[in-house]
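Summary of the model geometry
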There are 2 protein chains.
Amino acid sequence: MTSTTRHTSPQPRPPRLGPAEHSLLGLLASAGPDGIHGYDLARQYTHGALGEIIRLESGMLYHHLKKLDRYGMITTHVEHQTDRPDRQVHTLTAAGRRQLDHWLREPVRATRDIRLDFLLKLFFTRRLIPAHLDELIAQQRSVLTALAESLRAQMQEPATGDDAIERRMVLRLRQAQTEAALAWLESLPTTENAT
Amino acid sequence: MTSTTRHTSPQPRPPRLGPAEHSLLGLLASAGPDGIHGYDLARQYTHGALGEIIRLESGMLYHHLKKLDRYGMITTHVEHQTDRPDRQVHTLTAAGRRQLDHWLREPVRATRDIRLDFLLKLFFTRRLIPAHLDELIAQQRSVLTALAESLRAQMQEPATGDDAIERRMVLRLRQAQTEAALAWLESLPTTENAT
DNA sequence: AGAGCCATGTAAGAGGTTACATGATTAG
DNA sequence: CTAATCATGTAACCTCTTACATGGCTCT
C-alpha cells in the first residue's frame, strides 16, 4: 500500500462537476471509509439500476476519477495484489462529501435535466440521506410547478407573427413534458407511503 | 464574385450530420437557388421560431457551413461588396437536398430526440414538403407507440432484485415522458384540421 | 462620439465517443 | 484451447461552449 495522492495543487480551477462525476461521488460515499477501486465502480454502471440512468464507459470513468483526485474530492492509494493486477483504491474526502451533499440538495432547473440529473439525485438521496427524500421531491416539484405556470402564461399570450403556429407547437410540447414530469414526481414514493 | 468551392475530395468520410447541420440544410433549401450567406442564416436562429428549438452560435454556424461544403452538401462563392464586408453565399447541392430529404423522412427512435430532432423535422417538413406532414407524424406516432408498449411490458414483469424500486421509478418516468410526447403528437395540426 | 449592425471567423478548453492496449488468471 | 474476467488506462477524434478579433459603416 503506497499512497500516491499528491495535494500540491488541490483546486486548479473552480470545480464544475457533471452528473457522471457526481454519481461517482455518490458511489464513493456508499462505499464508506474503506474506499473502492475503479473496476468495482465500473460494475455498478453495467449491472443494477444505475446503468438504467447513466452510461459510463471505463475510459471516462478513470478519467473522472483522476479529475476528482486533482480537485481533492477523493484520495487514491495503490493496493498491491500478487495474483491480480494492482488496484487503485479511492476514498471520498470531506470536500468531496460536501460537494456531493450540496449537489444533492439542489433541484434541477430544466425539465430535460429530470431524466438524468434528477434521477441520479433521487437514487443517491434514497441511498445516502433518505430523511431528505421528501424535501428533495418537494423542492423539485415547486421548480417544475413554477415552470409549468410560466409556460401556461406564455400560451395565454395572443399568437402573433408568421411563425405563431410553430412557436405554439414548441410551447405545447414543453408544457406536456413538464406536466408529465410533474405527475411522475407526485406519484413518487415518499416517507408517508414508503416501502 | 469568385468561386471558392473546391471539390477535389468531396466526401472525406461517411457524413454523419447532427440536428444543427440538418437545420442548416433546411434553411438553405428554403432560400432557393440564389443561396444565402452565413450572417443571414445566423439571424434565423436568433429571431423566429427556429431559435426556440435550437440554439446555434455564430462560431458553430460557420464551422458547420465549412463541414457541409467539405462534404459536397453545399457550394460556396464569395460575393464582393463595396460598402459592406464580403459575403460567402452558400447554395444547396443535389447531394445536400438528398441528405435533407432522407433525414426528414426518418422518425426519431428515442423519446429524448423529440424535443430537438423531431421538432426540427416538423418545422422543415411544414415549410418544404407539407404534403408529407401527415406521413411524418404517423410514422413518429407508430415508433412512439411501440416504445410505449415495450415500456408497459417491462412494467408488467415482476419486480426482482434489491434495486427493483429504483428501476421502476426510471421506467415510470420514461413511460410518462413517452406518453406525453404521444399525446402531443396526436394533438398536432394535420392536413385535415389545417390552418 | 458612441452604440450597434454587418460579416466572418479564431482560440482555448471542456467533454464525450469509440476503439484498442496490456497482461495475467480463471472458467468452460 | 478459448473466452471471459480482472484492472487500468491511451489514442484519436468529434462536438460544443465561451469568448474574443477585426474593421468599416450607419444611426442617434
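In this report, we go over the structure that sits alongside the text.

Of the two same-sequence chains, chain A is brought onto chain B (RMSD 0.1 Å, axial shift 0.0 Å) by a rotation of 180°. Here the two chains are linked by the operation of a two-fold rotation axis. When the interface residues of chain A are mapped onto chain B, 100% of them are again interface residues, pointing to one common binding face.

The subject of this paragraph is the protein's contact with DNA strand D. Around DNA strand D lies a shell of 22 residues, among which Tyr39, Tyr62 and Gln88 of chain A together with Met60 and Lys67 of chain B are the nearest. Those atoms of DNA strand D that come within 4 Å of the protein belong to sugar or phosphate at a rate of 69%. At a separation of 2.8 Å, a phosphate oxygen of DNA strand D approaches a polar backbone atom of Tyr39 of chain A. Here Asp86 of chain A contributes a backbone N or O atom positioned 3.5 Å from a sugar or linking oxygen of DNA strand D. By residue number, the principal contributor to the surface near DNA strand D is helix α4 (residues 58-70) of chain A, which donates four residues. The residue inventory of the surface near DNA strand D, partitioned by class, reads five nonpolar, seven polar and 10 charged.

The next thing to look at is the protein's contact with DNA strand C. The full set close to DNA strand C counts 22 residues, and Met60 and Lys67 of chain A together with Tyr39, Arg87 and Gln88 of chain B are the nearest of them. Side-chain polar atom of Arg43 of chain B to a phosphate oxygen of DNA strand C: 3.3 Å apart, as the coordinates give it. Arg87 of chain B is positioned such that a nitrogen or oxygen atom in its side chain is 2.9 Å from a phosphate oxygen of DNA strand C. Residue contributions to the surface near DNA strand C peak at four residues, all from helix α4 (residues 58-70) of chain B. Broken down by class, the residue content of the surface near DNA strand C amounts to five nonpolar, seven polar and 10 charged.

With that settled, consider the pattern of salt bridges. Counted under the stated rule, the structure contains 18 salt bridges over all chains. Between Asp101 of chain A and Arg97 of chain A there is a salt bridge, and its shortest N-O distance comes to 3.2 Å. Taken as a pair, Asp101 of chain A and Arg97 of chain A lie in helix α5 (residues 94-105) at a separation of four residues, close to a single helical turn. Classification of Arg97 of chain A by relative accessible area gives partly exposed; the value is 27%. Taking the shortest distance from any N to any O, the salt bridge between Lys67 of chain B and Glu21 of chain B comes out at 2.9 Å. Taken as a pair, Lys67 of chain B in helix α4 and Glu21 of chain B in helix α1 (residues 19-31) lie far apart in primary sequence, 46 residues in all. Overall, the relative accessible area of 16% leaves Lys67 of chain B in the buried class. Among the residues examined, Glu21 of chain B registers a relative accessible area of 4% and is labelled buried. Put simply, Glu52 of chain A together with Asp163 and Arg167 of chain B are held in one network by salt bridges that share partners.

This part takes up the packing of α1 of chain B against α4 of chain B. All names here are of chain B. Between α1 and α4, the shortest axis-to-axis distance is 10 Å and the interhelical angle comes to 75°. By the criterion of interaxial angle, the relationship of α1 to α4 is roughly perpendicular. Note on element contacts: α4 touches α1 through Leu61, His64, Leu65, Lys67 and Leu68, opposite Ala20, Glu21, Leu24 and Leu25. Here the contact of α1 with α4 is built from residues that sort into six nonpolar, one polar and two charged.

Below, the discussion takes up the interface of chain A and chain B. Contacts between chain A and chain B engage 30 residues on the former and 30 residues on the latter. Roughly 3,000 Å² of surface becomes buried between chain A and chain B when both sides are summed, with 63% attributable to carbon and sulfur atoms. Three residues stand out in chain A for area buried against chain B, namely Arg115, Met169 and Leu173 of chain A, and they jointly supply 22% of the buried area on that side. The interface formed by chain A and chain B holds four salt bridges in total. The closest approach of N and O atoms between Glu52 of chain B and Arg167 of chain A, which form a salt bridge, is 3.3 Å. Counting across the interface, chain A meets chain B through 11 residue pairs in polar contact (both at pLDDT 80 or more).

How each quantity is defined
- In this numbering scheme, every chain counts its residues from 1 along its sequence in written order.
- Numbering of ligands from 1 and lettering of chains from A proceed in the order in which they are written.
- At least 70 in pLDDT is required for a residue's local features to be given in this predicted model, at least 80 for side-chain atom pairs to be given and counted, and no such filter applies to totals for whole chains, interfaces and linings, which use all residues.
- Excluding hydrogens and water, the side-chain values take into account all heavy atoms of the structure.
- What sets the superposition is a least-squares fit of C-alpha atoms, and only residues with pLDDT of at least 70 in both copies go into it.
- In this description, contact between two residues means that some pair of their heavy atoms is separated by no more than 4.5 Å.
- It suffices for a single heavy atom of a residue to lie within 4 Å of a molecule or strand for the residue to be listed as near it.
- Here a polar contact is recorded for every N or O atom pair within 3.5 Å, except that within protein the pair must consist of a potential hydrogen donor and a potential acceptor, and residues adjacent in sequence are included only if both atoms are side-chain atoms.
- Numbering of helices and strands runs from the N terminus; a helix is a DSSP stretch of H or I covering at least four residues, while a strand is a stretch of E covering at least two.
- Charged residues are taken to be Asp, Glu, Lys and Arg, nonpolar residues to be Ala, Val, Leu, Ile, Met, Phe, Trp, Tyr, Cys and Pro, and polar residues to be all remaining types, Gly included.
- A carboxyl oxygen of Asp or Glu within 4 Å of a side-chain nitrogen of Lys or Arg is what we treat as a salt bridge.
- When a residue's accessible area, from a 1.4 Å probe over protein chains only, is under 20% of the maximum for its type it is buried; when over 50% it is exposed; and in between it is partly exposed.
- An axis is simply a line fitted to the C-alpha atoms; with a helix, the fit covers only the stretch in contact. Between two such axes, the angle follows the N-to-C directions and lies from 0 to 180 degrees.
- Angles are sorted into four bins: roughly parallel if under 35 degrees, roughly antiparallel if over 145, roughly perpendicular if 65 to 115, and oblique for all others.
- The term buried area denotes the loss of accessible surface (1.4 Å probe radius) that occurs when two parts are joined, taken as the sum for both partners.

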